[in-house]
Amino acid sequence: MHPDAVYVWLVIAAITLATFLTRSSLHLVGTHWELPLRLEVALRYAPACALAAIVLPDLLYSQGQLHFGFDNLRLVAAAAAAALFLATRSALGTIVGGMAVFWILKATLT
């Protein structure tokens, strides 16, 4: 076997082991260890924070510039989707409605 192939397989094995250990660590520990209540409460906000960190830069920046205003179609569609969510509390409706607003604005304004 070529030395580069051995290196690739060792890297794959190491990444597999690291992934297994990090994802299963709480399952391996089981009920012997509990998170402090404050940490549990704080971790409830982690998905929303991660989503905001991923989505907001795409909504607020256009071609590397901070872009607020009604000509930022993504931001307008996101505001419409947020209003739709507040009215209906439907995640699927929010996605469909926000995309529909975006596509309609894009089709009519460009």
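Structure first, text after, so check above.
Residues numbered from 1 in each chain as written. Predicted model: local features only at pLDDT ≥ 70, side-chain atom pairs only at ≥ 80, totals over all residues. Heavy atoms only, no water.

Engineer: Honestly, a nonpolar patch on the surface in this entry has me stumped. Any pointers?
Structural biologist: A contiguous nonpolar patch, built from Met1, Val6, Tyr7, Val8, Trp9, Leu10, Val11, Ile12 and Ile15 and spanning about 980 Å² of accessible area, is present on the exposed surface. Along the chain, valine 11 falls in helix α1 (residues 3–29). (Patch = residues over 30% accessible without salt bridge, like charges linked within 9 Å, V, L, I, M, F, W, Y side chains within 5 Å. Areas by Shrake-Rupley, 256 points an atom, 1.4 Å probe, with all protein chains shown as cover. Salt bridge = Lys/Arg side-chain N within 4 Å of Asp/Glu carboxyl O. Helix = DSSP H or I, 4+ residues; strand = E, 2+ residues; numbered from the N terminus.)

Engineer: When you look at the pattern of salt bridges in this model, what are you seeing that I'm missing?
Structural biologist: Once their charged atoms are close, side chains differing in charge can pair, the charge on each being opposite to the other. All chains considered together, the criterion is met by one salt bridge. Measuring nitrogen to oxygen at the nearest pair gives 3.1 Å for the salt bridge that ties aspartate 58 to arginine 74. Of this pair, aspartate 58 sits in helix α3 (residues 46–60) while arginine 74 sits in helix α4 (residues 73–88), and the two are 16 residues apart along the sequence. What makes aspartate 58 partly exposed here is its relative accessible area of 45%. (Buried < 20%, exposed > 50% of the residue type's maximum accessible area, 1.4 Å probe, protein only.)

Engineer: Honestly, the packing of α3 against α4 in this entry has me stumped. Any pointers?
Structural biologist: Relative placement of two packed helices is described by the angle separating their axes and the distance separating the axes. Relative orientation of the contacting elements α3 and α4 amounts to 130 degrees, with a least axis distance of 7 Å. Accordingly, the angle class assigned to the pair α3 and α4 is oblique. Facing Asp58, Leu59 and Leu60 of α3, the residues of α4 in contact are Arg74, Leu75 and Ala78. Residue classes in the contact of α3 with α4 are distributed as four nonpolar, no polar and two charged. (Axes fitted to C-alpha atoms, helices over the stretch in contact; angles between N-to-C directions. Parallel < 35°, antiparallel > 145°, perpendicular 65-115°, else oblique. Contact = heavy atoms within 4.5 Å. Nonpolar A, V, L, I, M, F, W, Y, C, P; charged D, E, K, R; others polar.)

Engineer: Mind showing me how you'd approach the side chain of serine 24 here?
Structural biologist: Mapped onto the secondary structure, serine 24 falls in helix α1. Since its relative accessible area comes to 11%, serine 24 is described here as buried. Among the polar contacts listed, one links the side chain of serine 24 to the backbone oxygen of phenylalanine 20, at a separation of 2.5 Å. (Polar contact = N/O pair within 3.5 Å; in protein donor to acceptor, adjacent residues only side chain to side chain.)

Engineer: What exactly am I supposed to notice about α1 here?
Structural biologist: The periodicity of an α-helix, 3.6 residues per turn, causes residues three or four positions apart to be oriented the same way. Taking 1.5 Å of rise per residue, the 27 residues of α1 would be expected to cover 39 Å, and the 37 Å separating its terminal C-alpha atoms lies within 8% of that figure. Approximately 45 degrees is the largest bend angle found in α1, and it occurs at arginine 23. (Expected span 1.5 Å × (residues − 1). Bend = angle between axes of the 7 residues up to and from the residue.)

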